[in-house]
Amino acid sequence: MTRCWQLIFCFTIRGSLVRLKLTLSADAGNLIFYNYHYHLSAAIYKMLRFGSPEFSGFLHNLGFKQNGKTYKLFTFALRFEQYTNLKHAIRLDKPVAYLYVSSFLIDDFIKNFVIGTFESQIVDLSELNFPIRFRIKFVETIPVPEFTDKISFSLLTPMVLSSYRMHNGKTSQYYLRAEDTEEANRILTRNLQNKYQAIYNEEINDSVRLTWDVNYLQRTERITKKITINQHGKNPIDVVGLLAPFELQGNPELIRTGYECGFGEKNSMGFGMAEAVNKE
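Residues numbered from 1 in each chain as written. Predicted model: local features only at pLDDT ≥ 70, side-chain atom pairs only at ≥ 80, totals over all residues. Heavy atoms only, no water.

Turning next to the environment of Gln249. Considering the arrangement of structural elements, one finds Gln249 in strand β17 (residues 246-250). For Gln249, a relative accessible area of 36% puts it in the partly exposed group. Once the C-alpha coordinates of Gln249 and Thr211 are considered, the two residues, 38 residues apart in sequence, prove to be 8.4 Å apart. With sequence-adjacent residues up to four places away left out, Gln249 is seen in contact with Asp149, Lys150, Ser207, Val208, Arg209 and Ile255. (Helix = DSSP H or I, 4+ residues; strand = E, 2+ residues; numbered from the N terminus. Buried < 20%, exposed > 50% of the residue type's maximum accessible area, 1.4 Å probe, protein only. Contact = heavy atoms within 4.5 Å.)

Pasting the structure below:
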């Protein structure tokens, strides 16, 4: 536990660190169920419980309420060193993966999560016919970029933006596509304003404007990605996100909020995590 408390002390004195990178090594199995998001989110809550059962329970069951919406104010992404996409699973060609975790909530989320990594040291993503677990080999922090009024981003996980539209006489959820420019900017701005108000308990009326990378859109046949969120096949929910580089202009504090907590919806299921890209 000494290393754990040393790392927490580092967060305390440096304060602005909001993103972790965990190096994982698969020590059982090499196939990961394609729709692993629910299982990984559950594993993150499990690690939080080691640090604070009360906070983990609050975040999972209640979260932060703002204007009729609920926000968990964290996001994550899982990346693989070398892999092959199969029909229903991802095959690890090398047993190494990287888990990125980000949150504004340094005292409540980041510190308790770090305690969990040292207490548990295991990330279990097993699903029915795909038993697999990872051992945590290393935990490090990622420096925070400088936030200005215009930043380019690369998405580590799809960004989900949705609205409700009439279809066949019924109101149904519609997941936005790249061409839904004005609606996307309106919804993303409101999403970030709500998160900012949930964090700081004050309103912010500024906006952001998202522009997808045109060259990427032209050379990429499809940027939408459908993910099914389910618990061992129970009550599956299909989610459609967008996965393409983008530029964001607007209030730096709103941009920072998206970087820390995730852009768009369903961040606590691993959507909307982005990294800043230096185009110079």
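Read across the open sheet, the three strands follow the order β2-β7-β6; overall the sheet is antiparallel. Each edge of the sheet is formed by a strand with only one pairing partner; in this case those strands are β2 (31-33) and β6 (83-85). On average, each strand axis in the sheet is tilted by 25° relative to the strand beside it, whichever way the strands run. Of the pairings in the sheet, the one linking β2 to strand β7 (residues 89-92) comprises three bridges and is antiparallel in character. Among the inter-strand pairings, Phe33 is bridged to a residue of β7, identified as Ala89. (Pairing = 2+ DSSP bridges. Axes fitted to C-alpha atoms, helices over the stretch in contact; angles between N-to-C directions.)

With 92% of its residues at a pLDDT of at least 70, the chain reaches an overall mean of 90. Element-level mean pLDDT values for the chain span from 44 in helix α1 (residues 2-14) up to 98 in β17. The low-confidence segment residues 1-15 (pLDDT under 50) makes 23 contacts with residues lying over four places distant or belonging to another chain. (pLDDT = per-residue confidence, 0-100.)

Here we come to helix α3 (residues 53-61). Of all the positions in α3, only Phe55, Ser56 and Leu59 are classed as buried. Mapping the buried residues of α3 onto a view down its axis gives an arc of 100°, with all of them on the same face. Residues of α3 that are exposed and point over 90 degrees away from its buried face: Glu54 and Asn61. Against the buried residues of α3 lie α2 (37-51), β3 (64-66), β5 (74-80) and α4 (106-120). Two residues or fewer after α3 comes Gly63, characterised by a positive phi angle close to 75°. (Arc of directions from axis to C-beta.)

Take the environment of Asn67 next. For Asn67, the location among the structural elements is in the loop between β3 and β4 (69-71). A relative accessible area of 45% places Asn67 in the partly exposed class. On a C-alpha basis, the gap between Asn67 and Lys195 in space is 10.0 Å, while along the polypeptide they are 128 residues apart. Engagement of the side chain of Asn67 in a polar contact is seen with the side chain of Asn194, the distance being 2.7 Å. (Polar contact = N/O pair within 3.5 Å; in protein donor to acceptor, adjacent residues only side chain to side chain.)

Across all of its chains, the model carries 15 aromatic pairs by this definition. A network of ring pairs unites the aromatic residues Tyr45, Phe74, Phe109 and Phe113 as a single cluster. Of note, Lys21 hangs over the ring of Tyr98, and the distance from its end group to the ring centre comes to 4.7 Å. Positioned above the aromatic ring of Tyr174 is the side chain of Arg165, whose terminal nitrogen or guanidinium carbon lies 3.8 Å from the ring centre. (Phe/Tyr/Trp six-rings, centres within 6.5 Å; stacked < 30°, edge-to-face > 60°. Lys NZ or Arg CZ within 6 Å of the ring centre and 35° of its normal.)

Moving on, we get to the pattern of salt bridges. Scanning all chains against the criterion turns up ten salt bridges. Residues Arg135 and Asp27 are paired through a salt bridge, measuring 3.4 Å at the closest nitrogen-oxygen approach. One end of the pair, Arg135, is in strand β10 (residues 133-141); the other, Asp27, is in strand β1 (residues 19-28), with 108 residues separating them in the sequence. Given a relative accessible area of 32%, Arg135 falls into the partly exposed group. The residue Asp180 makes a salt bridge to Arg165 at a minimum N-O spacing of 3.8 Å. Of this pair, Asp180 sits in the loop between β13 (170-175) and α5 (181-200) while Arg165 sits in strand β12 (residues 162-167); the two residues are 15 residues apart in sequence, bridging distant segments of the chain. We classify Arg165 as partly exposed; its relative accessible area is 33%. When salt bridges with common partners are traced through the structure, they connect Arg165, Asp180, Glu183 and Arg186 into a single cluster. (Salt bridge = Lys/Arg side-chain N within 4 Å of Asp/Glu carboxyl O.)

So, about the packing of α5 against helix α7 (residues 252-261). Relative to each other, α5 and α7 sit at 85°, their axes nearing to 9 Å. By the angle class used here, α5 and α7 are roughly perpendicular. Seen from α5, the contacting residues are Leu192, Gln193, Lys195, Tyr196, Ile199 and Tyr200; seen from α7, they are Glu253, Leu254, Thr257, Gly258 and Cys261. For the contact of α5 with α7, the residue count by class is six nonpolar, three polar and two charged. (Parallel < 35°, antiparallel > 145°, perpendicular 65-115°, else oblique. Nonpolar A, V, L, I, M, F, W, Y, C, P; charged D, E, K, R; others polar.)

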